[in-house]
Amino acid sequence: MVSDAHGKHAHHPPQFSPQDADDALSFSHYEERCPHFEEIVHKKVNQWFKKDYTLAAALIRLHFHDCSVRGCDASILLKHGGSERAAKVSESLRGFNVVDDIKAEVEKKCPRTVSCADILTAAARDATVMLGGPFWEVPYGRRDGRVSLAKEADVVPMGRENVTYLIEFFQARGLNLLDLVILSGSHTIGRSTCGSIQSRLYNFTGTGKPDPTMNPKYLNYLRRKCRWASEYADLDGTTPRKFDSTYYTNLQKKMGLLSTDQLLYSDSRTAPLVAAMASQPTLFYQQFAVSMTNLGNVQVLTGDDEGEIRTNCNYVNR
């Protein structure tokens, strides 16, 4: 366990390496157990994507929130009072219905075989591909966790943290500086509620003024768009429906939507990586597959002694 910021070990969290997961996870895990698993996921994600393209970004985000708390163990999917799903940070999460739909179909073909954690990981990969992003092979064999606590979800970044917090958050999960900058690049698609940026637009750090680091034209545009906190704004204001490296060129133009986006370009630790991605789009594309693989390997539960294979993703097995 990584102790919290008030714990005496806060500065030295135990280092977990996503590579540790490789011993237990396997590319051939379902080859005999459930040969049509990936086919089912692909078909279902495609069907939902055609109905509502915003679900693709939602699935990638859901996967990130899952892996951020207790590792990629589908703890975000558990539905009970006081679960991660009930936390404030989880309010705008979507895509649960897609996972449930895939699970129902998989259970028909291969009962009690495929974990919800593996389903969400595969769905996030397929969602990336459907948006025009890279494909990568996903190793399988994750088990589903039995514990989900709302208070543990409070550590997940909300868009208002500083870069040091983000770096430490990633490092505690065995992810590095490059993973932070690359996975932030998933904001090349998707949107945010205007509530997350109200303070940047009107009352930055209690000054009663907007964030001075924001592009003035972009600021005016967002003030018109975000009259209500419940409205949405695109995370990439230039090519919102395209998976590309424009997210990084936006940061160079002071057009990051969340302050956590913009800070990546003003912090000396992350700025060189932002510049590299802005100038080398194919590098971002290739590295996104690597960083998503690393994310999907965070603190996974494997083997019979850990976790279970849920029959319904919303509830632990009876």
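Residues numbered from 1 in each chain as written. Predicted model: local features only at pLDDT ≥ 70, side-chain atom pairs only at ≥ 80, totals over all residues. Heavy atoms only, no water.

**Side note on the UniProt feature "binding site: Ca(2+) 2" (unreviewed entry) in the protein chain**
Reasoning step 1: Those places that UniProt annotates as "binding site: Ca(2+) 2" (unreviewed entry) correspond, in this numbering, to T188, D236, T239 and D244. A maximum C-alpha distance of 9.7 Å places the annotated residues, which cover 57 residues in sequence, within one compact spot.
Reasoning step 2: Along the polypeptide, T188 turns up in the loop between helix 7 (177-184) and strand 1 (191-193).
Reasoning step 3: Among the residues examined, T188 registers a relative accessible area of 0% and is labelled buried. (UniProt positions renumbered as here; feature names shortened; annotations may be inferred. Helix = DSSP H or I, 4+ residues; strand = E, 2+ residues; numbered from the N terminus. Buried < 20%, exposed > 50% of the residue type's maximum accessible area, 1.4 Å probe, protein only.)

**Describing the environment of R191**
Reasoning step 1: Mapped onto the fold, R191 is located in strand 1.
Reasoning step 2: When its relative accessible area of 37% is taken as the criterion, R191 is described as partly exposed.
Reasoning step 3: Sequence-distant contacts of R191, defined by excluding residues within four places in its chain, comprise T54, R94, Y232, A233, D234 and L235. (Contact = heavy atoms within 4.5 Å.)

**Notes on the pattern of salt bridges**
Close approach of charged atoms allows side chains with opposite charge to pair.
Reasoning step 1: Counting across every chain of the model gives 13 salt bridges.
Reasoning step 2: E105 serves as the salt-bridge partner of K109, at 3.3 Å between the closest nitrogen and oxygen. Note that K109 and E105 are positioned in helix 3 (residues 96-109) at a spacing of four residues, about one turn of the helix.
Reasoning step 3: The salt bridge involving R142 is made with D118; its shortest N-O contact spans 2.7 Å. Of this pair, R142 sits in the loop between helix 4 (116-130) and helix 5 (150-153) while D118 sits in helix 4, and the two are 24 residues apart along the sequence.
Reasoning step 4: According to the relative accessible area criterion, D118 is buried, its value standing at 0%. (Salt bridge = Lys/Arg side-chain N within 4 Å of Asp/Glu carboxyl O.)

**Describing the state of the cysteines**
Reasoning step 1: Under the definition given, this model contains four disulfides.
Reasoning step 2: Bridging C67 to C72, the disulfide has an S-S length of 2.1 Å. Measuring the twist about the S-S bond at about 120°, one finds the C67-C72 disulfide to be right-handed.
Reasoning step 3: A residue is classified by how much of its surface remains accessible, and C67, at 1% relative accessible area, is buried.
Reasoning step 4: By relative accessible area, which is 0% here, C72 ends up buried.
Reasoning step 5: Each disulfide pairs two cysteine sulfurs, and for C116 the partner residue is C313, the sulfurs being separated by 2.1 Å. The sign of the S-S torsion, about -95°, decides the handedness of the disulfide formed by C116 and C313: left-handed. Highlighted residues: C116 in helix 4 and C313 in the segment after helix 13 (281-296), separated in sequence by 197 residues. (Disulfide = S-S within 2.5 Å.)

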